[in-house]
Amino acid sequence: VEFESDGGEGSKVSSDLGRLASLMEVEEEVLREKVTFRTMTARNDSYKVPLSPQAAKEGVDAFAKELYAKQFLWLVSKINEATSAGQEHGRTG
């Protein structure tokens, strides 16, 4: 995902989000908003703060790393389940 300045303090997505939104099963516009704005809450008020292109890119990269880490742990868990013997067949020695 690539970002560019929106002409002010914020950013806009300069690449197509359609495929990513489809894979995540979210609306493209919702995803676009979530990657270019941060929601701040103070007391009972919420407001959106635009992210700079660099901050938006860093956020998307961190999200991608977290998704990868979770998928990797899930995969390792499934491989371990499939290849290990049951509790009754414990190791000896």
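Summarised in this report is the structure supplied together with it. Values in this document were obtained by computation on a predicted structure and should not be read as measured data.

**A short note on the nonpolar core**
For soluble globular proteins, nonpolar side chains are generally found buried alongside one another.
Then step 1. Phe3, Val13, Leu17, Ala21, Leu31, Val35, Leu51, Ala56 and Val60 form the largest nonpolar core, which has 9 residues in total.
Then step 2. Ignoring sequence-local partners within four residues, the contact set of alanine 56 consists of Phe3, Ser11, Val35 and Leu51.

**Re the environment of serine 11**
Then step 1. In this structure, serine 11 sits in strand E2 (residues 11-13).
Then step 2. Along the primary structure serine 11 and lysine 34 are separated by 23 residues, whereas in three dimensions their C-alpha atoms are 12 Å apart.
Then step 3. A polar side-chain atom of serine 11 sits 2.9 Å from the main-chain carbonyl oxygen of leucine 51.

**Examining the packing of aromatic side chains**
Then step 1. Enumeration over the complete set of coordinates arrives at 1 aromatic pair.
Then step 2. Between tyrosine 68 and phenylalanine 72, the aromatic rings sit 6.3 Å apart at their centres with planes inclined by 20°, giving stacked as the arrangement. Residue tyrosine 68 and its partner phenylalanine 72 are located together in helix H3 (residues 53-83), separated by 4 residues, close to a single helical turn.

What counts and how
Residues numbered from 1 in each chain as written. Predicted model: local features only at pLDDT ≥ 70, side-chain atom pairs only at ≥ 80, totals over all residues. Heavy atoms only, no water. Core = buried A, V, L, I, M, F, W, Y, C linked by side-chain atoms within 4.5 Å. Buried < 20%, exposed > 50% of the residue type's maximum accessible area, 1.4 Å probe, protein only. Contact = heavy atoms within 4.5 Å. Helix = DSSP H or I, 4+ residues; strand = E, 2+ residues; numbered from the N terminus. Polar contact = N/O pair within 3.5 Å; in protein donor to acceptor, adjacent residues only side chain to side chain. Phe/Tyr/Trp six-rings, centres within 6.5 Å; stacked < 30°, edge-to-face > 60°.

That's the geometry; what it means functionally is another story.
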